[in-house]
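# Observations on the three-dimensional arrangement
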Amino acid sequence: MGGSGTAGGVALRALPAAATFAGFIAAWQLAVVCLGIREYLLPTPLAVLEAMVSSEIPWTKHIAITAIEILGAFLIAALGGVLLGAAIAWSEALSRALTPFLVFVNTLPKVAIAPLFLIWLGYGILPNMLIGALIGFFPVVINTAVGLAQIDAELLDLGRVFHAPKWKVFAKIRLPNAYPYVLGALKVTATSAVVGAVVGEFVASQAGLGYVIITTQSSMNTPVAFAALAFISLLGLALFALVGILSRALVPWGEVAEL
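An account of the accompanying structure is given in this report. (Residues numbered from 1 in each chain as written. Predicted model: local features only at pLDDT ≥ 70, side-chain atom pairs only at ≥ 80, totals over all residues. Heavy atoms only, no water.)

Our focus in this paragraph is the overall build of the chain. Counting its secondary structure elements, the chain contains 10 helices and 0 strands. Reading the helices (α) and strands (β) of the chain from amino to carboxyl end gives α-α-α-α-α-α-α-α-α-α. By the burial criterion, 39% of the 259 residues in the chain qualify as buried. With the model as given, the accessible surface of the chain reaches about 14,700 Å², and the carbon-plus-sulfur share is 72%. (Helix = DSSP H or I, 4+ residues; strand = E, 2+ residues; numbered from the N terminus. Buried < 20%, exposed > 50% of the residue type's maximum accessible area, 1.4 Å probe, protein only. Areas by Shrake-Rupley, 256 points an atom, 1.4 Å probe, with all protein chains shown as cover.)

The following block contains the structure:
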């Protein structure tokens, strides 16, 4: 009984998004058919769906490679961002030393850095992971530092009353307070990791969904390119949904703070 109610609630919350997607796809199909747009310019959703299920492209291989790159980029950005944010919040000296450097790194054009990663590390999954992580880690750093710093003064006073050491206040008071901020940043990083991994594949790769898009340009096989884009979006949505599930598990008392 409870389970069906929960499932019904989830379905009800998903209904507006599903209706929006359905309306967009229907309008897309009608526009292409009614306006007579050629397939190499804009394929119909049905043509894209046919390309997605076609056996001519080894979709499983390309999806698996891109998924590994996205997940790796997300985990590197999440772990590195939380550790750097914690270091900034822990020590004012580290904050003064690290913050300007991190801002400098974040302002570097990632598309321009991508070829350097390939020169240093060669072709493969790792450079694309690092490019994705570089794009996604900065929001995690900032939100972690903010969440650890913005503490109710009464909670800190309580720690002093009980003579709690700094590490214990950090672990028991500051860290739980930062959960909503960190998880909010991870939602942004989930999408940034997708962008970064695909950017790496665009620059130079031998497999992956970004590679499929690049190789279809010469043949103008637009349905396949759109199919690859659809798979990339599905991977991004899946990672975003996983972060949402994690958010509800760790922060059940309220909404996750957004950037």
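So, about the nonpolar core. One finds W59, I70, F74, L186 and L209 to be the most contacted residues of the largest nonpolar core, which totals 35 residues. Sorting the residues of this core by element identifies helix 1 (2-35), helix 2 (45-52), helix 3 (59-90), helix 6 (125-149), helix 8 (166-203), helix 9 (209-219) and helix 10 (222-250) as the ones contributing at least two each. Residue contacts for F74: discarding those within four places in its chain leaves L186, T189, A190, A193, L239 and V243. One finds A114, I131, F137 and F138 within the second-largest nonpolar core, a separate group that totals 15 residues. (Core = buried A, V, L, I, M, F, W, Y, C linked by side-chain atoms within 4.5 Å. Contact = heavy atoms within 4.5 Å.)

Within the secondary structure layout, N128 lies in helix 6. On the accessibility criterion, N128 (1% relative accessible area) is buried. Setting aside chain neighbours within four positions, we find N128 in contact with E69, G196, A197, G200 and E201.

Once that is clear, we can look at the side chain of E201. Along the chain, E201 falls in helix 8. Of the side chains with opposite charge, K61 comes closest to the buried, unpaired E201, at an N-O distance of 11 Å. For E201, the side chain forms a polar contact with the side chain of T66, separated by 3.0 Å. A distance of 3.3 Å separates a polar side-chain atom of E201 from the backbone nitrogen of L209. With residues near it in sequence (within four places) discarded, E201 still touches I65, T66, E69, N128, A207, G208, L209, G210 and Y211. (Lys, Arg positive; Asp, Glu negative; His and termini not counted. Salt bridge = Lys/Arg side-chain N within 4 Å of Asp/Glu carboxyl O. Polar contact = N/O pair within 3.5 Å; in protein donor to acceptor, adjacent residues only side chain to side chain.)

For the coordinates displayed, the defined rule picks out 1 salt bridge. Across the salt bridge formed by R96 and E92, the nearest N and O atoms sit 3.2 Å from each other. In this pair, R96 and E92 are both assigned in helix 4 (residues 92-107), 4 residues apart and thus about one turn of the helix distant. Taking the relative accessible area as the measure of exposure, R96 reaches 55% and is therefore exposed.

A separate point is the environment of A227. Mapped onto the elements, A227 comes out in helix 10. A relative accessible area of 0% means that A227 is categorised as buried. Once the C-alpha coordinates of A227 and W59 are considered, the two residues, 168 residues apart in sequence, prove to be 9.6 Å apart. Those residues in contact with A227 that sit more than four places away from it in its chain are V48, A51, M52 and W59.

Moving on: helix 6. Taking 1.5 Å of rise per residue, the 25 residues of helix 6 would be expected to cover 36 Å, and the 36 Å separating its terminal C-alpha atoms lies within 8% of that figure. With 18 of its 25 residues buried, helix 6 lies for the most part within the structure. (Expected span 1.5 Å × (residues − 1).)

A contiguous nonpolar patch, built from L116, I119, W120, L121 and L126 and spanning about 550 Å² of accessible area, is present on the exposed surface. Considering each element in turn, the nonpolar patch owes the most residues, 4 residues, to helix 5 (residues 110-121). Its location among the elements puts L121 in helix 5. (Patch = residues over 30% accessible without salt bridge, like charges linked within 9 Å, V, L, I, M, F, W, Y side chains within 5 Å.)

In a packed pair of helices, the relevant descriptors are the angle between the two axes and the axis-to-axis distance. Remark: helix 5 packs on helix 6, axes separated minimally by 9 Å, with the N-to-C direction vectors making an angle of 150°. For helix 5 against helix 6, the interelement crossing comes out right-handed. In contact with K110, I113, A114, F117, L118 and L121 of helix 5, helix 6 contributes L126, P127, L130, I131, L134 and I135. A class-by-class count of the residues in the contact of helix 5 with helix 6 yields 11 nonpolar, no polar and 1 charged. (Axes fitted to C-alpha atoms, helices over the stretch in contact; angles between N-to-C directions. Left-handed = near helix turned anticlockwise from the far one by under 90°. Nonpolar A, V, L, I, M, F, W, Y, C, P; charged D, E, K, R; others polar.)

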